[in-house]
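# An overview of the molecular structure
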Amino acid sequence: MHTLRKKISATLPILIIISCFFASSVSAQEIASTTPQVFTPQDLTVEQQLIIRKQILDLFGIPTDAQISLFDTIKGNPFGNSLPGKLDPLRDVEIVVGDEALQPGTRGSLYVVAANTNLRQSTITWSRNNKIEASGKGATVFSFPVGAIGSRDIIKVTIRTPEGSVKQLTKTINPARIHFAWSTDSYTPTWYRGKALPVPGSGISVTAFPEVRVNNIPVPQANLDYEWSVNDEVRLREQRGASTFSFLTSEFQRTPYQISVRVRDSQRNVVHRETILIKTVSPFIRFYREDALYGLMTNASIQNLVLKPGDDSLIDFEPYHMPYGALDNMAFRWDFGSNQGQQTGINDRKLRITTPSDGLSSWSLSISYSTPSHVLLRGKSDLLTISNQSL
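What comes next concerns the included structure. The structure presented is a predicted model; accordingly, all values stated were derived computationally and were not measured.

All chains considered together, the criterion is met by 12 aromatic pairs. On the numbers, 5.0 Å between centres and 15° between planes, the contact of Phe 284 with Tyr 320 is stacked. Residue Phe 284 is found in strand β17 (residues 284-291), and its partner Tyr 320 is found in strand β20 (residues 312-320); the two are separated by 36 residues along the sequence. Given a relative accessible area of 3%, Tyr 320 falls into the buried group. Aromatic pair Phe 317 and Trp 334: ring centres 5.4 Å apart, planes at 75°, arrangement edge-to-face.

Structure (structure tokens):
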């Protein structure tokens, strides 16, 4: 512990630089300046202060629910050691909701944050619905059970500094829930019963269905303000009724996407945020046999095909999870073993195979695909092994 404290103390200037970087990454436009500025926490909103606190604690492997104030983390003092100097007034202290969604049946967290006040040395008392539930020196985090939708919890926090300054803050909690539905524009066969999944370069559309009540009265979804973020980057700032959000995935990397939406009612009685994780996948190709009587045998793809000498069979390939916009320019090629075969397109996916009438033989077949419009949208199917057997 002493070694880690020395390490943190020695890196105080680095922490301040890191904090500046994190702050700019949170919302560079809000704190940017045309002239050089010395970074101060007052430049940030309380939400940004909370994000900086979490990132600095993560950097040193400290749990985010540790009783540590923003003052401690910004000053390079995440263990809350006493710092010299006169404490600033409590005018900058605020109470904010943690990152987790305040869903019914879960536990929520509230934080007291301050830019220039050493809350670690202050006595902090938390009460819920006029009943004291936690109190202690530096108790900047309060965890509580979230009630049912339509219920209301009134959380009060009282902060008392060693010099005798006192401030009381109140936060009203109205639990909410958000349901998500999403779709992507990737291709799957018409008879496929699964969900189309996104690949690099495809579009994703997400719709939020908030369940919000104020004083047990439902708030229409169209009356809520929505703010959408992708991987913690705000893509659509507060907009009334914007319950659907669409974006394009990157063409150059396969990465998961955390899509978050924050909803608020007009009176700010409810501020609720939830996140959905959507992962991109790689497209793939499956082979199917076409029967003269039953047509395309879609009940199962094939990896091995055994034919009698002299027989023939019609083979069909089907692509999965390829962007619709790329299919028209997609080049497919039949490959026989190590030999490259003929080019084909999305509208010509059939190949007739005829086995020799004498002797035994075996060979492999695959499909290669590529398109000039998508760098990563290229690859090769698994091998289809074809062999003939004696009568």
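Resuming the write-up.
A few words now on the pattern of salt bridges. Going through the model one piece at a time under the given rule, you end up with 13 salt bridges. A salt bridge links Asp 153 to Arg 128; the nearest nitrogen and oxygen atoms lie 3.6 Å apart. One end of the pair, Asp 153, is in strand β6 (residues 153-160); the other, Arg 128, is in strand β3 (residues 123-128), with 25 residues separating them in the sequence. Here Asp 153 falls in the buried class, since its relative accessible area comes to 9%. What you see here is one network of salt bridges that share partners, running through Arg 128, Glu 133 and Asp 153.

Examined against the element boundaries, Gly 203 turns out to sit in strand β10 (residues 203-214). Each C-alpha atom of the pair Gly 203 and Thr 184 lies 5.5 Å from the other, and the pair is 19 residues apart in sequence. Excluding its chain neighbours within four sequence positions, the residues that come into contact with Gly 203 are Ser 183, Thr 184, Asp 185, Phe 247 and Leu 248.

Attention now goes to the sheet that holds strand β5 (residues 141-145). Strand order in this open sheet of 3 strands is β1-β2-β5, and the pairing throughout is antiparallel. Looking at which strands have only one partner, the edges of the open sheet turn out to be β1 (94-97) and β5. Direction aside, the axes of adjacent strands within the sheet are offset by 25° on average. Relative to strand β2 (residues 107-113), β1 runs antiparallel, the two sharing 4 bridges. Across the sheet, Val 97 pairs through a bridge with Leu 110, a residue of β2.

Pairing within the open sheet is antiparallel, and its 4 strands lie in the order β4-β3-β6-β7. What marks the edges here is a single partner per strand, and that holds for β4 (131-137) and β7 (166-173). With strand direction ignored, the average angle separating the axes of adjacent strands in the sheet is 15°. Of the pairings in the sheet, the one linking β6 to β7 comprises 8 bridges and is antiparallel in character. In the strand pairing of β7, Val 157 is matched with Leu 169.

What counts, and at which threshold
Residues numbered from 1 in each chain as written. Predicted model: local features only at pLDDT ≥ 70, side-chain atom pairs only at ≥ 80, totals over all residues. Heavy atoms only, no water. Phe/Tyr/Trp six-rings, centres within 6.5 Å; stacked < 30°, edge-to-face > 60°. Helix = DSSP H or I, 4+ residues; strand = E, 2+ residues; numbered from the N terminus. Buried < 20%, exposed > 50% of the residue type's maximum accessible area, 1.4 Å probe, protein only. Salt bridge = Lys/Arg side-chain N within 4 Å of Asp/Glu carboxyl O. Contact = heavy atoms within 4.5 Å. Pairing = 2+ DSSP bridges. Axes fitted to C-alpha atoms, helices over the stretch in contact; angles between N-to-C directions.

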